[in-house]
Amino acid sequence: MAVSRGGFSSRMGFIMAAAGSAVGLGNIWGFPTQTASNGGAAFVLVYLVLAFCLAYPAFMAELLIGRYGQANAVTSLQKMSRTLWQKRFAFVVGFGGIICAALILSFYGIIAGWMMSYAIEPLFLLANMQISADWVITHSLARNLFFTSVFMALTIVIIRRGVENGIEKWSKRLMPLLIGLMVLLTSYVFTLDGASEGLEAYLNPDVSRLLDPNLLISALGQAFFSLSLGTSVMVIYGSYISKKENLVTLGAQVTLIDVSIAFLAGLLIIPAMYVAQAQGVAIFAEDGSLISGSSLVFTVLPTLFDSMGGVGLFVALAFFVLMSIAALTSSISMLEGPVSYAVERHNLKRETATTVIGLIILLFSVVIVFNLSFMLDFVAILATQYWQPIIAMLCCVFVGWIWHRSELLAEIKEGNDEVENSLFWKVWPWYTKFVCPAAIAIVFIHSL
Ligand code: PHE
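Residues numbered from 1 in each chain as written. Predicted model: local features only at pLDDT ≥ 70, side-chain atom pairs only at ≥ 80, totals over all residues. Heavy atoms only, no water.

K.L.:
Could you give an account of the overall build of the protein, naming the residues involved and the relevant values?
P.N.:
In terms of regular secondary structure, the protein is built from 18 helices and 0 strands. The C-alpha radius of gyration of the protein comes to 21 Å, within 12% of the 22 Å expected for a compact globule of 448 residues. Dimensions of the protein along its principal axes, counting C-alpha atoms only, are 65 × 50 × 40 Å. Going through the 448 residues of the protein one by one, you find that 56% of them count as buried. Looking at the protein alone, contacts between residues at least 24 apart form 81% of all its contacts between residues at least 6 apart. Working note: accessible area of the protein is about 17,800 Å², and carbon and sulfur atoms make up 67% of it. Distance from the positive charge centre (23 side chains) to the negative charge centre (25 side chains) of the protein: 16 Å. (Helix = DSSP H or I, 4+ residues; strand = E, 2+ residues; numbered from the N terminus. Rg over C-alpha atoms; globule rule 2.2 N^0.38 Å. Buried < 20%, exposed > 50% of the residue type's maximum accessible area, 1.4 Å probe, protein only. Contact = heavy atoms within 4.5 Å. Areas by Shrake-Rupley, 256 points an atom, 1.4 Å probe, with all protein chains shown as cover. Lys, Arg positive; Asp, Glu negative; His and termini not counted. Charge placed at Lys NZ, Arg CZ, Asp CG, Glu CD.)

Here it is in structure tokens:
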């Protein structure tokens, strides 16, 4: 751990922070919704295969770039470049990832703000403050501006405190809380009528849909978004890991946690949808398609919670607190990318850099809030469907084609002496060089 620039103090700290970044609205909301709209269990199966076979290798590439460079994404990529052109290319890839993280944060903060507002509503109801309760869940400019700002302020406060006291400490507290809450809610939903039908849809795959191109592409996109790839986030988190750690295992553990939480979220939300349906709430539109993503969380689930009587208020509170926590451990990672760059390349103080960059991103969020109907989708699609896959692909190109094989081996060997004889070393370098860039390119071209 480079003391002067901070780092994770323990293996557990890194795992919690990286899993905290990976686990977010993408897992807890995106994954179940995609599962429900893409044939249930068939999507789950394809997602699992792609997450381990494609996203994990790309994730390893980003972690290794960071740990080798011991710096922000631009500096790390430039360290492995030899020629002037490679260094310029490194700048484009590294800086592109940093901008991508900022763009994602600008719209993520708005949605996370909605989650927070729904977490606060039950508190107002418990205090008999009906007008305030209605205000926080009614779409309005003032509500959106307020909660986006509160969420960004929380993100800024945590990142100002640095790696060990900010990211690591808060991820270690929030992640176990999140998992505990999800297990409790899932167990509760299982006791309700309709849950077993949901479980059947979630776990019994329709094999005829396995090779459906739309399903494949959605599953791949979901896997990359979920592991926070192509945003410089995993490069900077990689740079905070000690050289004594075995990166191959750590990366696999984080992938496993990310995938398991998505799976657990599906286990909660898909049966919950069927429970709501059993209670007369419309889940599927007339043509049989799923009611759109945002209305499922903000309409169907509160209706479900309402129908539970008094306890529903507490279930709603727990669910939306859980969503807000998941969003916060992701948003802090998004802000760390640009902040580490400003601190290391431009000698800014961490506190100043965090506040200034956080406020600039918030300003952009405000612009989106004022033009919500067209800008939210536009920025989200631009950042996640186009920008993220390109940068993730270029990181694989860097590792496969520019980084010297001997240096790469030396880096992987840190904390993992035996790696040369392992299956990982036999397959992964070749895989990252050819298969990953090609597969990502296919997704990108398709999305064009
Ligand atoms: N992985 C996060 C999620 O699933 C989102 C994220 C994307 C976080 C990019 C950091 C960088 O919600």
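Having put the structure on the table, let's press on.
K.L.:
Which residues make up the site of the ligand, and what values go with them?
P.N.:
Looking at the ligand, there are 16 residues lining it, with Ala22, Gly26, Tyr108, Phe225 and Ser226 nearest. Here an oxygen atom of the ligand and a backbone polar atom of Leu25 are 3.1 Å apart. Within the side chain of Ser228, a nitrogen or oxygen atom sits 3.2 Å from a nitrogen atom of the ligand. Split by residue class, the shell around the ligand holds 6 nonpolar, 10 polar and no charged. (Near = heavy atom within 4 Å. Polar contact = N/O pair within 3.5 Å; in protein donor to acceptor, adjacent residues only side chain to side chain. Nonpolar A, V, L, I, M, F, W, Y, C, P; charged D, E, K, R; others polar.)

K.L.:
Which residues make up the packing of helix H5 (residues 84-126) against helix H7 (residues 141-160), and what values go with them?
P.N.:
Between H5 and H7, whose axes approach to 8 Å, the crossing angle comes to 105°. As far as their axial angle goes, H7 and H5 are roughly perpendicular. In this structure, H5 contributes Leu105, Gly109, Ile110, Ala112, Gly113, Trp114, Met116, Ser117, Tyr118 and Ile120 to the contact, and H7 contributes Arg143, Asn144, Phe147, Thr148, Val150, Phe151, Met152 and Leu154. (Axes fitted to C-alpha atoms, helices over the stretch in contact; angles between N-to-C directions. Parallel < 35°, antiparallel > 145°, perpendicular 65-115°, else oblique.)

K.L.:
Explain the pattern of salt bridges to me, and be specific about the residues and the numbers.
P.N.:
Per the counting criterion, the structure on display carries 6 salt bridges. Salt-bridge contacts for Arg209 lead to Asp212; the nearest nitrogen and oxygen are separated by 3.5 Å. Two residues, Glu420 and Lys413, come together in a salt bridge whose shortest N-O distance is 3.0 Å. Judged by its relative accessible area of 37%, Glu420 falls in the partly exposed class. Here the residues in one salt-bridge network are Arg67, Lys243 and Glu411, joined through shared partners. (Salt bridge = Lys/Arg side-chain N within 4 Å of Asp/Glu carboxyl O.)

K.L.:
Residue-level account of unusual backbone geometry, with values.
P.N.:
Phi is positive for Gln70, which is not a glycine, with a value near 50°. Along the chain, Gln70 falls in the loop between helix H3 (41-69) and helix H4 (73-79). Notably, Ser232 is not glycine yet its phi reads approximately 75°, a positive angle. Mapping Ser232 onto the fold places it in the loop between helix H10 (213-226) and helix H11 (233-239).

K.L.:
Break down the packing of aromatic side chains for me, with residues and values.
P.N.:
Here the structure, examined in full by the defined rule, presents 19 aromatic pairs. Seen from their ring centres, Phe319 and Phe320 are 5.1 Å apart, and the 85° between their planes marks the pair as edge-to-face. Classification of Phe319 by relative accessible area gives buried; the value is 2%. Summarising the aromatic geometry, the rings of Trp430 and Tyr431 are spaced 6.3 Å apart at their centres and angled 55° between planes, so their arrangement reads as tilted. (Phe/Tyr/Trp six-rings, centres within 6.5 Å; stacked < 30°, edge-to-face > 60°.)

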